[in-house]
Amino acid sequence: MLIKSSNTGFIHPVSSDITPQAIYEQRREWLRVMAGGVAGAALAGWAGRDALAQASAAVARPGKLAALPGGRSNFPGAVTMEKLTDYKDASTYNNFYEFGTDKSDPARNAHTLKVSPWTVEVEGAVRKPGKYALEDLLKISAMEERIYRLRCVEGWSMVIPWVGYSLSELIKRVEPLGNARFVEFVPLAHPKTMPFVGSRVLDWPYVEGLRMDEAMNPLTLLAFGMYGEVLPNQNGAPVRLVVPWKYGFKSAKSLVKIRFTEKEPATAWNKAAAQEYGFYSNVNPNVDHPRWSQATERRIGEDGLFAKKRKTLMFNGYEAQVGQMYAGMDLKKNY
Ligand code: MTE
């Protein structure tokens, strides 16, 4: 994440790369307009969107991955109308240290990740532990499209249409016990297919964690896709977390284990540099990183010579949905 200078290696997209994204956005816009009209009730649902998607499938698909459509989420705050980040940027400017520390490494190296068969094991303080084959995990709840801002601790942000469902749907299914206070997320750490696992940058696997109420917050997404397709490997296929009010590193990729615990999980970045990366890591413009300010951010795709930095918002703009969980907490201490 922050071992090297982060601003090198970013390749600005050429216009031919942008076309599928532009079409995707047109389709969104069209749906938004229609949803507001008389036909809105029918078209706002997935049925209408699906018909339109089929009609324009040949051109609207951003890549060659399998389609993974999801109905637009109704949850307050789950869909920002900001301009989407170009698909090309979202899938070539990544942090996925198992595949290298450079932003361009994951897109180049993650093809070796074998995403099928895939299982996610649920264990620890739950009444119903078990192993879920990906196919079964996909069916636990209806897929939704959530358009989230993702703000990286390094000072850049993106706007990405994710596809998945609230992690709370899975949590309810496994029936946590009374002593389950935290949830630990464990990504795959397979040195044969992940060339940087074993490097000394981090203590592998890339463990992350949330407090139980954070994990149950409807905004916390178990994501299987983005831009209407399954996740590309470099974005955390086949299943990852997206926690939009926290710095991006909390959104662990390629999960194989979800563990319910009484004790706060020891997370990989906290173990690597405790003064810099706390357990909470809520986006907060008023609490600086020890080595830089967090007051502003650079939106990927807006980094021309005259592009202004944007002001970073408290809880990344999701204060109304999540602020209450931190009432009375000293956010400087609990960074
Ligand atoms: N998950 C794993 N397993 N390994 C990682 O290195 N990097 C994190 C997070 N999840 C990371 C990870 C960081 S620092 C960020 S900013 C986001 O993934 C980036 O997600 P994206 O590449 O899909 O934008």
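This is a predicted model, so every value here is computed, not measured. (Residues numbered from 1 in each chain as written. Predicted model: local features only at pLDDT ≥ 70, side-chain atom pairs only at ≥ 80, totals over all residues. Heavy atoms only, no water.)

Visitor: Hey, could you run me through the overall build of the chain in this one?
Guide: The secondary structure content of the chain amounts to 11 helices and 13 strands. The buried share among the 335 residues of the chain stands at 52%. Within the structure as shown, the chain displays about 15000 Å² of accessible surface, and the carbon and sulfur contribution to it stands at 56%. (Helix = DSSP H or I, 4+ residues; strand = E, 2+ residues; numbered from the N terminus. Buried < 20%, exposed > 50% of the residue type's maximum accessible area, 1.4 Å probe, protein only. Areas by Shrake-Rupley, 256 points an atom, 1.4 Å probe, with all protein chains shown as cover.)

Visitor: How do you make sense of the site of the ligand when you look at a structure like this?
Guide: Residues in contact with the ligand amount to 17 residues; listed here are only the nearest, Asn94, Tyr97, Glu98, Arg240 and Lys253. Note that an oxygen atom of the ligand is positioned 2.7 Å from one of the backbone N or O atoms of tyrosine 97. When atom positions are compared with the pocket grids, the ligand is found to occupy the largest cavity. A class-by-class count of the residues in the shell around the ligand yields 9 nonpolar, 5 polar and 3 charged. (Near = heavy atom within 4 Å. Polar contact = N/O pair within 3.5 Å; in protein donor to acceptor, adjacent residues only side chain to side chain. 1 Å grid on protein atoms, 1.4 Å probe; cavity = no way out; pocket = protein on both sides within 12 Å on 5 of 7 lines; lining within 4 Å. Sits in = over half its atoms within 2 Å of the grid points. Nonpolar A, V, L, I, M, F, W, Y, C, P; charged D, E, K, R; others polar.)

Visitor: What should I look at first to understand the environment of aspartate 105 in this one?
Guide: If you trace the backbone, aspartate 105 turns up in helix H6 (residues 105-109). In this structure aspartate 105 comes out as buried when scored by relative accessible area, which is 11%. Distance in space between the C-alpha atoms of aspartate 105 and glutamine 234 is 8.8 Å, their sequence separation being 129 residues. Ignoring any residue separated from it by four or fewer positions in sequence, one finds aspartate 105 in contact with Phe99, Gly100 and Ala110. (Contact = heavy atoms within 4.5 Å.)

Visitor: Looking at this structure, how should I read the confidence of the model for the chain?
Guide: Detailed reading of the predicted coordinates is not advisable wherever pLDDT is low. Scored by pLDDT, the chain has a mean of 87; 81% of the residues are at 70 or more. Taken together, the stretch residues 4-23 has pLDDT below 50 and engages in 30 contacts with residues farther than four places along the chain or on a different chain. With pLDDT under 50 throughout, residues 29-59 is counted as low confidence; its partners more than four residues away or in other chains account for 25 contacts. (pLDDT = per-residue confidence, 0-100.)

Visitor: Mind showing me how you'd approach the packing of aromatic side chains here?
Guide: Inspection of the entire model under this criterion finds 12 aromatic pairs. Here the aromatic rings of tyrosine 87 and tyrosine 227 are separated by 5.0 Å at their centres, their planes lie at 90 degrees, and the arrangement is edge-to-face. With a gap of 140 residues between them, tyrosine 87 in helix H5 (residues 87-90) and tyrosine 227 in the loop between strand E8 (221-226) and strand E9 (229-230) connect regions that are remote in the sequence. Between tyrosine 148 and tyrosine 318 the ring centres are 6.0 Å apart and the planes differ by 80 degrees, which places this aromatic pair in the edge-to-face class. Linking tyrosine 148 in strand E4 (residues 144-151) with tyrosine 318 in the loop between strand E13 (310-311) and helix H11 (319-322), this pair joins segments that are 170 residues apart in sequence. Neither residue differs from the other here; tyrosine 148 and tyrosine 318 are each classed as buried. Here a set of aromatic residues connected by ring pairs shows up, and it is made of Phe182, Phe279, Tyr280, Phe315 and Tyr326. Directly above the ring of tyrosine 93 sits lysine 103, whose terminal nitrogen or CZ lies 6.0 Å from the centroid. Lying across the ring of phenylalanine 279, lysine 250 places its NZ or CZ 4.3 Å from the centre. (Phe/Tyr/Trp six-rings, centres within 6.5 Å; stacked < 30°, edge-to-face > 60°. Lys NZ or Arg CZ within 6 Å of the ring centre and 35° of its normal.)

Visitor: What should I look at first to understand the sheet that holds strand E2 (residues 119-124) in this one?
Guide: The strands that make up a sheet are held in pairs by hydrogen bonds between backbone atoms, and each pair lies either parallel or antiparallel. Spatial strand order, E3-E2-E11-E6-E7: 5 strands in an open sheet with mixed pairing. Of all strands in the sheet, those bounded by a partner on one side alone are strand E3 (130-133) and strand E7 (208-211). Mean inter-strand twist for the sheet, computed between neighbouring axes without regard to direction, equals 20 degrees. Looking at chain direction, E2 and strand E11 (residues 255-261) are connected through 4 bridges and run parallel. Following the sheet pairing, valine 122 is matched in E11 by isoleucine 258. (Pairing = 2+ DSSP bridges. Axes fitted to C-alpha atoms, helices over the stretch in contact; angles between N-to-C directions.)

Visitor: Mind showing me how you'd approach the pattern of salt bridges here?
Guide: Where charged atoms from two side chains of opposite charge approach closely, those side chains can pair. If you walk through the whole model with that rule in mind, you get 21 salt bridges. The residue arginine 259 makes a salt bridge to glutamate 123 at a minimum N-O spacing of 2.6 Å. Of this pair, arginine 259 sits in strand E11 while glutamate 123 sits in strand E2, and the two are 136 residues apart along the sequence. A salt bridge links glutamate 144 to arginine 146; the shortest N-O distance between them is 2.7 Å. Classification of arginine 146 as buried rests on a relative accessible area of 2%. Salt bridges sharing common partners tie together Glu82, Arg149, Arg151, Glu297, Arg299, Glu302 and Arg310. (Salt bridge = Lys/Arg side-chain N within 4 Å of Asp/Glu carboxyl O.)

Visitor: Just to check I follow, could you spell out the environment of lysine 271 for this structure?
Guide: Within the fold, lysine 271 resides in helix H10 (residues 268-272). In this structure lysine 271 comes out as partly exposed when scored by relative accessible area, which is 46%. Reaching out from lysine 271, the side chain makes a polar contact with the side chain of aspartate 203 at a distance of 3.0 Å.

Visitor: Quick question: what am I supposed to make of empty space enclosed by the protein here?
Guide: Counted by the stated rule, this structure contains 2 cavities of 30 Å³ or more. Here the largest cavity is characterised by a volume of approximately 310 Å³. Every residue lining the largest cavity is counted, 23 residues in all, and those nearest its centre are Asn95, Arg240, Gly248, Ser251 and Lys253. With 4 residues, strand E5 (residues 156-166) is the single largest residue contributor to the lining of the largest cavity. (Points joined across faces, edges and corners; volume = space filled by probe spheres on them.)

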